[in-house]
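One letter stands for each residue in the lines below.
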Amino acid sequence: MIEKNYQPADIEARMSVVWEDSLAFKAGRPDRRDAVPFTIVIPPPNVTGSLHMGHALNNTLQDILCRFERMRGRDVLWQPGTDHAGIATQMVVERQLMERQQPGRREMGRERFLERVWQWKAESGDTIINQLKRLGASCDWSRERFTMDEGLSKAVVKVFVQLHRDGLIYKDKRLVNWDTKLLTAISDLEVQQTEVKGSLWYLRYPIEGKTFSPGNPSSFIVVATTRPETMLGDTGVAVHPEDERYQKLVGKNVVLPLVGRRIKIVADEYSDPAKGSGAVKVTPAHDFNDFEVGNRHGLRRISVLDKEGCLDLVDNEDYLRDLPEGAGQFAEEFHKTDRFAARKRIVERLESFGFVERIEPHTHMVPHGDRSGSVIEPYLTDQWYVDAKTLAKPAIAAVRSGETSFVPKNWEKTYFEWMENIQPWCISRQLWWGHQIPAWYGPDGKVFVAETEEEAISHALGYYVEQEVITAEQGREMALDRNKREGFITRDEDVLDTWFSSALWPFSTLGWPEDTPEVKRYYPTNVLVTGWDIIFFWVARMMMMGLHFMKEAPFSTVYIHRLVRDEKGAKMSKSKGNVIDPLNLIDEYGADALRFALAREAAHTHDIKLSSQLVEINRNFATKLWNSCRFAEMNNCVVPEGFEPAKAKEPLNRWIAHKAAETTREVTEALEAHSFNEAAGAMYRFVLNIYCDWYVELAKPALLGADGPLKDETRAMVAWARDEILKLLHPFMPFITEELWEVTAKRESLLALAPWPLKPTGPTPEQLAMLAAAAGPTDPLVSPAFVMPIFDHADFSDPKAEAEIGWVIDLVTQIRSVRAEMNIPPATLTALVLAGASAETRERAPRWTDVIKRMARLSEISFADRAPDGAVQLLVRGEVAALPLKGVVDIAAERTRLDKEIAKADADIKRAEAKLANEKFVVNAAEEVVEEEREKREAALARKAKLLEALERLKQAS
RNA sequence: GGGCACGUAGCUCAGCGGGAGAGCACUACCUUGACAUGGUAGGGGUCACAGGUUCGAUCCCUGUCGUGCCCA
C-alpha cells in the first residue's frame with residue numbers, strides 16, 4: 001500500500017537501511033563477477049568537513065552515473081573515503097584546544113598532539129560520511145579509505161622514495177610562499193592574489209661618491225617600491241638596459257640608506273622603464289622576481305625577516321656583513337619589529353633624512369594564504385620539491401592523445417595552459433598532522449631517504465662508519481638503540497602537502513603498492529567528477545602520479561561541473577552568511593528533491609543559482625510522481641507475468657509504450673554524454689506532460705469501465721509505464737523510486753539492481769581491453785550482465801496510434817482553449833459536432849467519447865455533414881470540430897477569432913511561398929527542407945480553405 | 001596584460017543553421033472520482049549591439065559594449 005502522503009524523511013531513512021543490509025552497492029558482487037567494471041573515486045572530502053552544496057552537487061552527479069551504470073549491469077565501484085586535510089584539520093583541533101582552554105599544540109608536543117588529532121578524527125570523522133549517505137550516495141562503504149590509513153601511507157612513502165630515487169623529488173633552498181601565521185611553506189596554488197590598496201614609495205638611494213642632497217637629483221637614484229621595509233635586504237638596484245636615463249649609472253654603486261650597504265646598479269630587462277621611476281630596488285631574499293634578477297647578476301640574498309614576519313637583524317650575519325660602523329645600533333633598534341610596523345617606522349626614518357621623494361596611492365595584488373588569510377611572505381628556506389615539469393609531460397600527452405578527455409572540452413585548454421607553465425611543486429609543510437617525510441639527516445646534513453626508519457638508519461650508519469665518522473662498534477650500538485643515535489641521526493620534521501597523498505587516490509585506495517586484484521580490475525577508473533576549482537590542485541596531480549606509477553592515466557573522462565551559488569549568484573561563504581545547508585533542504589524537501597533540482601540545473605555552462613524554491617518545485621514533482629503511483633494502485637494496475645508492451649493492441653497503450661521508449665533512449669543517451677540536465681529534463685517532461693497529463697487521463701475511462709481486454713491491457717500498461725518511469729528516474733531520485741518500486745509489486749530485486757530498460761550500446765574498446773586483461777569469462781556480449789530484458793524502441797513505433805492519440809490531444813486542447821477564450825465556465829457543458837468527419841475519425845471517435853467529454857467538458861458528441869449554424873468551428877487536424885454555441889457566444893467574437901486564424905494561415909502561406917519562389921533556396925537547401933516547406937504551404941492552404949468555409953457558414957448564420 | 005565563459009520572457013535558465021522553449025512569477029477560471037505539494041487557459045521576447053558568411057543566422061565568423069571567473 002502506498003501511503004497517502006509523500007513523506008521523504010521516512011522513506012529515506014528506511015531505504016538507506018534496505019540498501020545497506022542488501023549490500024547493494026558492494027563492488028565485485030558475485031552476480032557481477034563477469035560484468036564490465038565501472039569505477040569512480042570520490043573526491044575525498046576533508047575529515048573536518050560537513051556536507052556543503054558543492055558536495056551535494058558533486059556527489060549527486062557521481063551517484064547518478066554510478067546508479068545508471070549499476071542498472072546497466074556494470075560492476076560498479078564507487079570508492080569512498082576522506083582526506084586528512086593537513087592544515088585544515090590541524091587548525092580545527094588547535095582551535096578546539098583553545099576553546100576548551102587546554103594546553104596548546106606546542107605545549108603538548110608532537111606526539112600527544114597527534115594522538116589528540118586521531119582522537120578527534122575517531123569522534124568526528126564520520127560526520128561527512130553519514131551526510132553523504134543521507135544524500136543517497138551509493139558508494140561501496142565497506143571500502144572506505146582515509147588518506148592517513150596504513151595502506152595509503154605506505155603508498156605515500158613508496159611514491160616519495162621512488163620519486164626521490166628517480167631524481168624527481170629534491171630538496172632545494174629557494175623562495176617559498178611562507179605563511180607567517182601558520183609558520184609553514186605553502187604551494188603556489190594555496191596562495192590567493194588579492195587586490196589591495198597600498199602605496200608606491202619613491203625612495204632616493206644616494207650614489208656612491210656623491211654628496212647626497214635631496215635638492216640635487218644627480219646625487220641619487222630614485223627607486224619605486226611597494227614594500228619599503230624590505231629595503232634592509234636590498235643588494236642591488238636594477239634599471240632597464242635600454243633606459244637612457246640610467247645608462248651612465250650602470251655598474252656604479254649606491255649606498256643603501258639607513259643601512260649603509262654598498263650595492264650595485266645593474267642593467268636588467270625586468271625593470272620596466274614605464275613603471276614608477278624606471279629603477280627598482282632588488283631584494284633577492286624577499287621577492288620572487290628579485291630572486292631571479294639576483295641570480296642573473298650574482299647578487300647576495302639577505303633575509304631580514306624571521307618566520308613570524310618580524311625584522312631579524314641582530315646576529316644576522318648576512319645582514320651585518322660589510323656594514324659600516326654603527327650599523328649594529330640600527331639593527332638593535334629595529335630588531336623584532338613586525339613587518340607592517342617596520343614599514344611605517346622605516347618610512348618615517350627615511351623621510352626624516354630626505355630619502356623619500358614622494359608617495360603615490362597604488363593598488364596592487366598581494367598574496368594571501370588561502371587558509372590563514374595572512375599576507376604571504378616570499379621566504380628563503382630549504383624545502384622539498386617535486387619536479388612537476390617532468391611529470392607533467394606525460395600528463396599533457398595523455399590529454400592530447402585523448403586517453404583522458406575533459407567534459408566540457410574547453411577545460412582542456414585551462415589544463416594545458418597550467419601544465420605547460422608548471423612550476424616546481426613545494427611539497428613540504430612545517431606542520432605535524434600529515435605524512436611525515438621519510439628522510440633522515442646525519443650530523444653533516446646528509447640526507448637518507450628510505451621507506452622505513454630501519455632502512456634509513458642502516459644506510460646512514462653504514463655510510464658514517466665507512467666515512468670513519470663513527471666506529472663500526474658505535475654504528476652497531478646506534479642501530480640497536482634509538483637513544484644512542486638521538487642527536488646523531490634525526491628525521492625530517494616536516495610533513496607532506498595533503499595533495500601529495502590525494503594525488504595517489506585513484507590507485508592507493510585500491511590497495512597499491514600491493515598487487516591487489518582490485519588494482520587490476522578497477523584501475524584506471526572511468527570518470528572523475530569534480531569542480532573546476534581543483535583541476536590544478538588535484539586532477540592534474542593525479543594525472544601525473546597515475547601516469548608515472550601506473551603507466552596509465554587514472555581516468556578516461558574528467559567531468560567538470562560548475563559551482564553552486566546562492567540565489568543571487570554570490571559565492572556561498574560563511575562570512576557572507578549566505579550558505580545554504582543541503583541538510584536543511586533535505587530535511588525540508590527530501591534528498592530526492594534536492595538531487596533532482598541539482599541535476600536539472602547541472603548544465604555545462606553556468607554556475608548553479610540555488611534557492612529553496614527551486615528544491616520545492618522538484619519536491620512537488622516527487623509528490624506528483626507519488627500520486628500517479630497511488631492512482632495506478634487504486635486502479636489495480638499490475639504488470640501481469642509475461643506482459644509484452646510491444647504487443648499491446650490498444651492505440652493509447654501503444655502510444656504510451658512508444659513515448660516511454662523514446663524517453664528511455666533520450667535519457668540513456670543524455671546520461672552517456674553526461675548531460676545531466678537533459679536527462680533529468682526529459683524525465684520531468686515525460687512524467688508530467690505525457691504520463692500524467694495525457695496517458696493517465698486518457699486511460700481513465702478504460703480503467704473505470706467494464707471488465708474486459710481493454711481494461712486488462714490498460715491496467716497492465718499503466719503499471720508497466722510506471723515501472724519504466726521508476727527505473728529511469730532511479731539514478732536521480734533513488735529513495736522515492738526504490739520505495740515505490742517496493743510497495744507497488746512483488747519484485748525480483750531492488751530497483752537499484754534492476755536492469756536498465758535500454759541495452760547498453762556495447763562495451764567500448766577500452767572496456768574490452770580491460771576485460772581481456774581481467775581473469776574469467778571475457779565476452780561481455782554473452783556475459784549475464786549484458787543480456788537484459790531489453791526492448792528496441794523501433795518495436796514500439798506506431799504512426800497510427802500516434803495519429804489517433806495526437807488527434808484526441810489536439811481536439812481536447814483546442815476545445816479547452818476556445819472555451820477559455822470565449823469565457824465559457826467549466827460548469828457549462830457544450831455539445832461537439834464533428835462535421836464532415838473522415839471515415840478514420842468516425843471510426844476512432846467513439847473510442848474516445850468518454851474521455852473527450854470529460855476533459856473538454858462536453859455534453860455529447862455527434863457527427864454531421866456540416867457545422868450547425870452559428871457554431872464555433874475549430875480546425876483539428878484538417879477537419880472541423882464544431883461547438884454549437886449559438887446564443888452562448890457572440891458571433892462577432894467568433895468571426896474575429898476566425899479572421900485571426902485566417903490571417904495566421906495567410907502569413908504561413910506567404911512565408912512558405914516566398915521561400916519556394918526563391919530559386920537559390922530551392923537549389924541550395926537540402927531536399928527534405930524544401931519538401932517540408934512545400935508541405936507547410938499545402939497544409940496552410942488547406943487550413944485557410946477550411947477556415948474560409950467556416951467563416952462563410954458563420955456569415956450565413958448571422 | 002593573457003585566457004575562459006556568458007548577455008534569450010519580469011526572474012532563473014534550456015536551445016545553438018531551417019517558423020522562439022521550460023520552470024517560477026503574473027492574470028483568469030476550476031475543490032472534475034491520484035494529486036490544491038493540484039488542474040485548465042492566457043499575457044509576456046527586434047534571442048545585447050553592429051558588420052560578415054549563407055538561399056536562410058538566436059545559433060557560425062569578426063568587432064563593439066556589458067557581466068563573471070581564472071592566470072600574470
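None of the values given here were measured: they were computed from a predicted structure.

Visitor: Give me the overall build of chain A: which residues, what numbers.
Guide: Assigned secondary structure in chain A consists of 33 helices and 29 strands. What you see for chain A is a C-alpha radius of gyration of 38 Å, clearly larger than the 30 Å of a compact globule of 958 residues, by over 25%. Each principal axis of the C-alpha distribution contributes one length, and for chain A these read about 120 × 75 × 60 Å. Split into buried and exposed, the 958 residues of chain A put 54% on the buried side. In chain A, the proportion of contacts linking residues at least 24 apart, taken out of those at least 6 apart, comes to 77%. Put simply, chain A shows about 42700 Å² of open surface, and 49% of that area lies on carbon and sulfur atoms. Looking at chain A, you have 124 positive and 145 negative side-chain charges, and the mean spots of the two groups are 3 Å apart.

Visitor: If you had to explain the protein's contact with RNA strand B to someone new, which residues and values would you point to?
Guide: Surrounding RNA strand B, one finds 41 residues, the nearest of these being Lys609, Gln613, Thr623, Leu704 and Arg911. For RNA strand B, the fraction of atoms within 4 Å of the protein that belong to sugar or phosphate moieties is 61%. Here a base oxygen of RNA strand B sits 2.3 Å away from a polar atom, N or O, in the side chain of Thr623. Put simply, the parts of the chain that give the surface near RNA strand B at least two residues each are helix H23 (612-634), helix H25 (676-704), helix H29 (799-821), helix H31 (891-917), helix H32 (919-924) and helix H33 (927-957).

Visitor: Give me the lowdown on empty space enclosed by the protein, citing residues and values where you can.
Guide: Gaps left between atoms are located by rolling a probe of water-molecule size over the structure's atoms. Applying the stated criterion across every chain yields a total of two cavities of 30 Å³ or more. Taken as a whole, the largest cavity encloses approximately 50 Å³ of empty space. Residue lining of the largest cavity: Ala24, Phe25, Lys26, Arg29, Arg32, Arg70, Arg74, Asp75, Val76 and Leu753, and that is the complete set. Its residues placed into classes, the lining of the largest cavity shows four nonpolar, no polar and six charged. Size it by volume and the second largest cavity reaches roughly 40 Å³. Trp807, Leu811, Leu834, Ala835, Ala837, Thr841, Val876, Glu879, Val880 and Ala881 together form the lining of the second largest cavity. Only H29, strand S26 (830-835) and strand S29 (879-883) provide two or more residues apiece to the lining of the second largest cavity. Of the residues forming the lining of the second largest cavity, the biggest block, three residues, is contributed by S29. Considering only residue class, the lining of the second largest cavity consists of eight nonpolar, one polar and one charged.

Visitor: Which residues make up the packing of aromatic side chains, and what are the values?
Guide: The tally for this structure, following the rule as stated, stands at 33 aromatic pairs. Each member of the aromatic cluster is reached from another via a ring pair, and the members are Phe160, Trp384, Trp425 and Phe500. For the cation-ring pair, Arg105 lies above Trp432, with the distance from its terminal atom to the ring centre recorded as 4.6 Å. Above the ring of Trp141, the side-chain terminus of Lys133 is found at 5.2 Å from the ring centroid.

Visitor: Help me get a handle on the environment of Lys4, residues and values and all.
Guide: In this structure, Lys4 sits in the segment before helix H1 (8-22). When its relative accessible area of 56% is taken as the criterion, Lys4 is described as exposed. Once the C-alpha coordinates of Lys4 and Val812 are considered, the two residues, 808 residues apart in sequence, prove to be 30 Å apart. Contacts of Lys4, omitting those with residues within four sequence positions, involve Trp626, Asn627 and Arg630.

Visitor: Could you give an account of the pattern of salt bridges, naming the residues involved and the relevant values?
Guide: Inspection of the entire model under this criterion finds 63 salt bridges. Of the charged contacts, one joins Arg685 and Glu666 as a salt bridge, the two residues approaching to 3.4 Å between their closest N and O atoms. Of this pair, Arg685 sits in helix H25 while Glu666 sits in helix H24 (residues 651-672), and the two are 19 residues apart along the sequence. Its relative accessible area of 43% is what places Arg685 among the partly exposed residues. Across the pair Arg854 and Glu697 runs a salt bridge whose closest N-O atoms are separated by 2.8 Å. Highlighted residues: Arg854 in helix H30 (residues 839-856) and Glu697 in helix H25, separated in sequence by 157 residues.

Visitor: So what's going on with the nonpolar core? Residues and values would help.
Guide: By size, the foremost hydrophobic cluster in this structure holds 205 residues, and its most contacted members are Tyr415, Phe500, Met545, Trp655, Leu729, Phe732 and Ile852. The element contributing the most residues to this core is H25, with 18 residues. Not counting chain neighbours up to four residues away, the residues in contact with Ile852 comprise Trp807, Val808, Leu811, Val812, Arg857, Leu858 and Ile861. Membership of the second largest hydrophobic core comes to 35 residues, among which are Met231, Leu313, Tyr319 and Leu350.

Visitor: Explain the environment of Arg595 residue by residue, including any values.
Guide: Residue placement: Arg595 occurs in helix H22 (residues 591-601). When its relative accessible area of 0% is taken as the criterion, Arg595 is described as buried. Between the C-alpha atoms of Arg595 and Trp512, which are 83 residues apart in sequence, the distance is 34 Å. Sequence-distant contacts of Arg595, that is, excluding residues within four places in its chain, are made with Thr60, Asp63, Ile64, Arg67, Leu135, Gly136, Ala137, Pro731, Phe732 and Pro734.

Each value, and the rule that gives it
Residues numbered from 1 in each chain as written. Chains lettered and ligands numbered in written order. Predicted model: local features only at pLDDT ≥ 70, side-chain atom pairs only at ≥ 80, totals over all residues. Heavy atoms only, no water. Helix = DSSP H or I, 4+ residues; strand = E, 2+ residues; numbered from the N terminus. Rg over C-alpha atoms; globule rule 2.2 N^0.38 Å. Buried < 20%, exposed > 50% of the residue type's maximum accessible area, 1.4 Å probe, protein only. Contact = heavy atoms within 4.5 Å. Areas by Shrake-Rupley, 256 points an atom, 1.4 Å probe, with all protein chains shown as cover. Lys, Arg positive; Asp, Glu negative; His and termini not counted. Charge placed at Lys NZ, Arg CZ, Asp CG, Glu CD. Near = heavy atom within 4 Å. Polar contact = N/O pair within 3.5 Å; in protein donor to acceptor, adjacent residues only side chain to side chain. 1 Å grid on protein atoms, 1.4 Å probe; cavity = no way out; pocket = protein on both sides within 12 Å on 5 of 7 lines; lining within 4 Å. Points joined across faces, edges and corners; volume = space filled by probe spheres on them. Nonpolar A, V, L, I, M, F, W, Y, C, P; charged D, E, K, R; others polar. Phe/Tyr/Trp six-rings, centres within 6.5 Å; stacked < 30°, edge-to-face > 60°. Lys NZ or Arg CZ within 6 Å of the ring centre and 35° of its normal. Salt bridge = Lys/Arg side-chain N within 4 Å of Asp/Glu carboxyl O. Core = buried A, V, L, I, M, F, W, Y, C linked by side-chain atoms within 4.5 Å.

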